[in-house]
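Structure at a glance
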Amino acid sequence: MPCLLRMTALAAALSLSLMSLPTLAADAEPAEEAPADSKAAPAQAAPSAQTPTSTPGGKATFLLPEGWGQRVAGQAVVLTPPEADGSRFAILDSAAEDADAAVAEGWKLLKLTPKFVVATDAAPRDGWEQRRFYEYDVPQNAKRAVSAAAYRNDKSWTVVVVDFDQAIAEKRGSQFSKLFQRLQPAGYTRENFAGRTAHKLDDARLKKVSDFIEKMRKDFEVPGVSIGIVQDGKVVLSRGFGV
């Protein structure tokens, strides 16, 4: 995974996880090429702002980034960036028996057979009961970002398959992060911290933050990262991790 993409993934993980730490909230409560499908709908006009959107099967919702196009192909929606260079981000509703079979449906949709390397299971989160992420061996000179993910809610799978120009994927890293962060089961409501008073970051909580950052840095294979936290106008944490 290119370093910039790893940094983007790390930043997304840090922002989501720090907001969701239960110790930080004082009053927190539990909480392209078109596929050969003659029936595929033509591309829709790009929206003027981030748009809440449902998958064709109604199993999941996501935020469509500003300026991106989308078209429906059966039980999938294929998203394309403004560059319109053949890069594709497809989200598919599947009734497959398991994650691997569901992801295979996604690659069949894009007519690709990337070389599988490894799949990693992640803890349940954001309404998903099961999550599985896939990495592939892509030749360096291909300059492509290729990945997949499978999410299960009840007996239904929602699959993401990505085939993107590497430079565009890095350029639009924040939009990639938002797509993954806001992909959630239909009807799920994320916990809202608006109006809540945060606990003060004392030494014990700052240590938890530091330990978490170091773990995420290693998990995402980021060589080094610097973090600064300001509380009540004073710097309470300023340090580097890794190199």
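Attention in this report is confined to the structure presented alongside it. (Residues numbered from 1 in each chain as written. Predicted model: local features only at pLDDT ≥ 70, side-chain atom pairs only at ≥ 80, totals over all residues. Heavy atoms only, no water.)

This part is about the sheet that holds strand β1 (residues 51-54). Strand order in the open sheet made by the three strands is β1-β2-β10, with antiparallel pairing throughout. Bordering the open sheet on either side are β1 and β10 (184-185), each of which pairs with just one other strand. (Pairing = 2+ DSSP bridges. Helix = DSSP H or I, 4+ residues; strand = E, 2+ residues; numbered from the N terminus.)

This part takes up the pattern of salt bridges. Taken as a whole and assessed by the stated rule, the structure comprises 15 salt bridges. A salt bridge links lysine 115 to aspartate 137, with the nearest nitrogen and oxygen atoms 3.8 Å apart. Linking lysine 115 in strand β6 (residues 115-122) with aspartate 137 in strand β7 (residues 130-137), this pair joins segments that are 22 residues apart in sequence. The exposure class assigned to lysine 115 is exposed, which follows from its relative accessible area of 56%. With a closest N to O distance of 3.0 Å, glutamate 129 and arginine 152 form a salt bridge. (Salt bridge = Lys/Arg side-chain N within 4 Å of Asp/Glu carboxyl O. Buried < 20%, exposed > 50% of the residue type's maximum accessible area, 1.4 Å probe, protein only.)

Here the focus is the packing of aromatic side chains. With the rule as written, the count across this model stands at 10 aromatic pairs. Plain terms: the ring middles of phenylalanine 89 and phenylalanine 176 are 5.6 Å apart, the flat faces sit at 75° to each other, and that makes the pair edge-to-face. Taken as a pair, phenylalanine 89 in strand β5 (residues 88-94) and phenylalanine 176 in helix α4 (residues 173-181) lie far apart in primary sequence, 87 residues in all. Each member of the pair, phenylalanine 89 as well as phenylalanine 176, is classed as buried. Judged by centre distance (5.3 Å) and plane angle (85°), the rings of tryptophan 107 and tyrosine 136 are edge-to-face. On the criterion of sequence distance, the pair formed by tryptophan 107 in helix α2 (residues 99-110) and tyrosine 136 in strand β7 is long-range, its members being 29 residues apart. (Phe/Tyr/Trp six-rings, centres within 6.5 Å; stacked < 30°, edge-to-face > 60°.)

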